[in-house]
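Inside the fold
Residue strings, one per chain:
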Amino acid sequence: MADERGGGENNINDNMGNQLQLLPDNEEEEEEEEDDMETEDRDSEEAEKPNIITFDPSLPTSHAYLGSDMEEFHGRTVHDDDSCQTIPVLPHTAVMLVPGQTLPLQLFRPQEVSMMRSVIQRDRTFAVLAHSDAGEPEAEFGTTAEIYAYREEQEYGIETVKVKAVGRQRFKVHEIRTQADGIRQAKVQILPERILPDPLSAVQLTSLSRLHMHPSSKPPTQSCKQAQCWWNNYQQRKFHCASLTPWPPWVYALYDSESLMNRVKKQLHEWDENLKDDSLPTNAVDFSYRVAACLPIDDALRLQLLKIGSAIQRLRCELDIMDRCTSLCCKQCQDTEITTKNEIFSLSLYGPMAAYVNPHGYVHETLTVYKANNLNLVGRPSTLHSWFPGYAWTIAQCRTCGSHMGWKFTATKKDLSPPRFWGLTRSAMLPRIPQGDGDEGREGSRLFCL
């Protein structure tokens, strides 16, 4: 459905706040409002990357717009690998959830409210199906989500449930049945994470184990040059056993989780110079999912990552995507370039992209960028229900086709940095990935490393 996926033109329900409060009361003001529908090219041209970001990156992660008095839950529900479970399915969602990704929800439909009450009484776990852009009738894969914060309230006589959940485990769908009350139950198989051994484990010499270095031995404070020198020394010692095999050390580094994570971190530092490695997961599995949730790719590519059962292979695919993706275009017209990957930056502890929910219950995975092109602004700036406290948002549409692309955020205080930025919704974007020399005419050129 276009209105739920954010692709509809002139879609009031798809905007961040209640646009009805922003509409004028008479036709003269409506004409003035229409005259304001233009891209502020002056701001885009003058916008420069700030040296220091003064905005608190912990604010977006708290989802304070949902309210501060939510009931919090502790503990974690983990299903056994390869076990079959029957889990209620969250309806009317256009999000392809990744394990470890936070999912905020505002639910109004009686069926959804009833389902969440039932889920809370059980193990707080529900299923989020992974529907790709290909238009498949039924999803074959998905992710379990566990509720960690919950609140019920009544607004204008309508019962509302506000939820914060986090993705937990991947699953494969075996069967979906609809109950008498309309709630769908999915019989799923929990997919395991395949932990691959060290590629050189078979030829490790015990006598030389004293020469091994552990990542924890890295000094905490180092300059970039010192850190690179330490890493080169660490790599040399780690792969010294490659001399006993027919293959050079760099071949084994291609399948080493630490080497892959280090390469991905370098890419992430290009997006966010202030990124601290301490804020990233140290486990390869969790790290690979964190990166997958931050990549501004379409559902078809994200589904590929979700199907992969090994962190090493997932990281290899993510590196391929990050290396080859050059810019982001409008998904509707597919020709209009909106921004480039050099403009991506992080304004949240989650990374450059995270999921947020608007007052109408629509979830948008929003990517933050310094500059965006070929966009028209609709309406006036508003601070209502802002996902980034201290910033006012203005609706942005593609200048060519009029599709809703996201919002322009403008600081309401002079001491906030950056003074302005753009939040682009992932569902409206398509990554531009040039074909390689061997990809010409090949349909599967977007099937990275598979």
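In what follows, the structure referred to is the one given above.
Here is a short report on the structure shown in this document. These numbers were taken from a predicted model, which means no experiment stands behind them.

**Focus on the sheet that holds strand E11 (residues 363–369)**
Overall, antiparallel pairing links the six strands, which are arranged E10-E11-E15-E14-E13-E12 in an open sheet. With partners counted over all chains shown, the strands left at the sheet margins are strand E10 (353–357) and strand E12 (375–382), one partner each. Here the strands of the sheet are splayed against their neighbours by 30° on average, with no regard to which way each runs. By the bridge criterion, seven bridges tie strand E13 (residues 391–398) to strand E14 (residues 404–411) in an arrangement that is antiparallel. If you follow Ala 392 over to E14, its bridge partner there is Thr 410.

**A short note on the side chain of Thr 160**
Here Thr 160 is to be found in strand E6 (residues 158–178). When sequence neighbours within four positions are dropped, the list of residues in contact with Thr 160 reads Leu 107, Phe 108, Arg 151, Glu 152 and Glu 153.

**So, the pattern of salt bridges**
Counted under the stated rule, the structure contains 16 salt bridges. Measuring nitrogen to oxygen at the nearest pair gives 2.9 Å for the salt bridge that ties Glu 365 to Arg 426. With Glu 365 in strand E11 and Arg 426 in the loop between strand E15 (420–425) and strand E16 (429–432), the pair connects residues that are 61 residues apart, well separated along the chain. Residue classification places Glu 365 among the buried residues on the basis of a relative accessible area of 6%.

How each quantity is defined
Residues numbered from 1 in each chain as written. Predicted model: local features only at pLDDT ≥ 70, side-chain atom pairs only at ≥ 80, totals over all residues. Heavy atoms only, no water. Pairing = 2+ DSSP bridges. Helix = DSSP H or I, 4+ residues; strand = E, 2+ residues; numbered from the N terminus. Axes fitted to C-alpha atoms, helices over the stretch in contact; angles between N-to-C directions. Contact = heavy atoms within 4.5 Å. Salt bridge = Lys/Arg side-chain N within 4 Å of Asp/Glu carboxyl O. Buried < 20%, exposed > 50% of the residue type's maximum accessible area, 1.4 Å probe, protein only.

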